[in-house]
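Okay, here's what each chain looks like letter by letter:
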Amino acid sequence: MSLRSCTVLAACALVAVAARGEPFAALGDAKTPKIEEVETLLLEGTNAFRQQEHREKLKPDPKLTKTARDFAAFMAKTDKYGHQADGKEPSDRVKEHGYTYCVIAENIAYQFSSEGFATRELADKLVEVWKNSPGHRKNMLDPDVTEAGMGVAHSEKSDKYYAVQVFGRPRSAAIEFSVANQTEDTVEYTLDTEKFSLPARTTRTHESCRSGTLTFPWQKKEGKAEAIRPVKGDRFEVIKEGDQLRLRRPPS
């Protein structure tokens, strides 16, 4: 009798211990990956990709890791696949695991091969399929996420390996900054695409989960309003010198 090997792979992105035990081998000489090592390699591969694209490395977070592992285990147990496979959204799952998020994103995928996978082989295939898909790539390279959790589980029924990446930025890392109008005039400015009017002698505090772009129409560079990217703790003061408005950042 001859056996013909086959490989199936799929992935899905959103803009999230039977199943975590030793994988079942359909063939006696099938390769069996070490699940926890695969998870470690997924984070390493993602961080290598981020550094290549000039992004900051992600730190592993235990709550995001538990979220990713539990959802991978659910898909492996049920062979239901999708970001809402358990009837919940990625944001619901991270909240259930105690993660208070500012930004959340999720990648999922599964792999199947009748020959099984070596540990690094499985990790590399998952990373590559995510890198080569626009939606997954966007999540992997999101400049505003700072933490991640990886989960992988094996289905005893279908022999598929389900993988989940959960990316997050905690609420504690929200970008808070203020704009103070020290003049007697109303000041106009734009944060991303939203326009604001700031009355005389007034301060407004902004809190954002993502790094935004702050522009003042009177502050020009090469004929265009100069864009500023505030960071946490920034304070901007608008003052008037003669007839001209000027922006300054007082020392903290």
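Residues numbered from 1 in each chain as written. Predicted model: local features only at pLDDT ≥ 70, side-chain atom pairs only at ≥ 80, totals over all residues. Heavy atoms only, no water.

Asker: Would you explain the pattern of salt bridges in this entry?
Answerer: Think of it this way: side chains of opposite charge can pair up when their charged atoms draw near. Per the counting criterion, the structure on display carries 16 salt bridges. For Asp144, the salt bridge identified is with Arg210, shortest N-O distance 3.2 Å. With Asp144 in the loop between helix H5 (134-140) and strand E4 (147-154) and Arg210 in the loop between strand E9 (202-208) and strand E10 (214-221), this pair connects stretches of sequence that are 66 residues apart. Given a relative accessible area of 7%, Asp144 falls into the buried group. (Salt bridge = Lys/Arg side-chain N within 4 Å of Asp/Glu carboxyl O. Helix = DSSP H or I, 4+ residues; strand = E, 2+ residues; numbered from the N terminus. Buried < 20%, exposed > 50% of the residue type's maximum accessible area, 1.4 Å probe, protein only.)

Asker: It is not clear to me how the nonpolar core should be interpreted in this structure. Could you clarify?
Answerer: Ranked by internal contacts, the top residues of the largest apolar core, which has 29 residues, are Val38, Leu42, Leu126, Trp130 and Phe167. Looking at this core, the elements that each hand over two or more residues are helix H1 (35-52), strand E3 (101-113), helix H4 (119-131), E4 and strand E5 (161-170). By size, the runner-up hydrophobic cluster in this structure holds 16 residues, among which are Leu64, Ala72, Ala76 and Ile108. (Core = buried A, V, L, I, M, F, W, Y, C linked by side-chain atoms within 4.5 Å.)

Asker: Is there a simple way to explain the sheet that holds strand E6 (residues 175-181) in this structure?
Answerer: Strands pair in a sheet through their backbones, by hydrogen bonds, and they do so in one of two ways: parallel or antiparallel. An order of E9-E6-E12-E13 is seen for the four strands of this open sheet, with the pairing classed as mixed. Strands at the two margins of the open sheet, each flanked by one partner only, are E9 and strand E13 (244-248). This sheet shows a mean twist of 20° between the axes of neighbouring strands, independent of strand direction. Relative to strand E12 (residues 235-241), E6 runs parallel, the two being bridged by four bridges. Counterpart to Val179 in the pairing with E12 is Phe236. (Pairing = 2+ DSSP bridges. Axes fitted to C-alpha atoms, helices over the stretch in contact; angles between N-to-C directions.)

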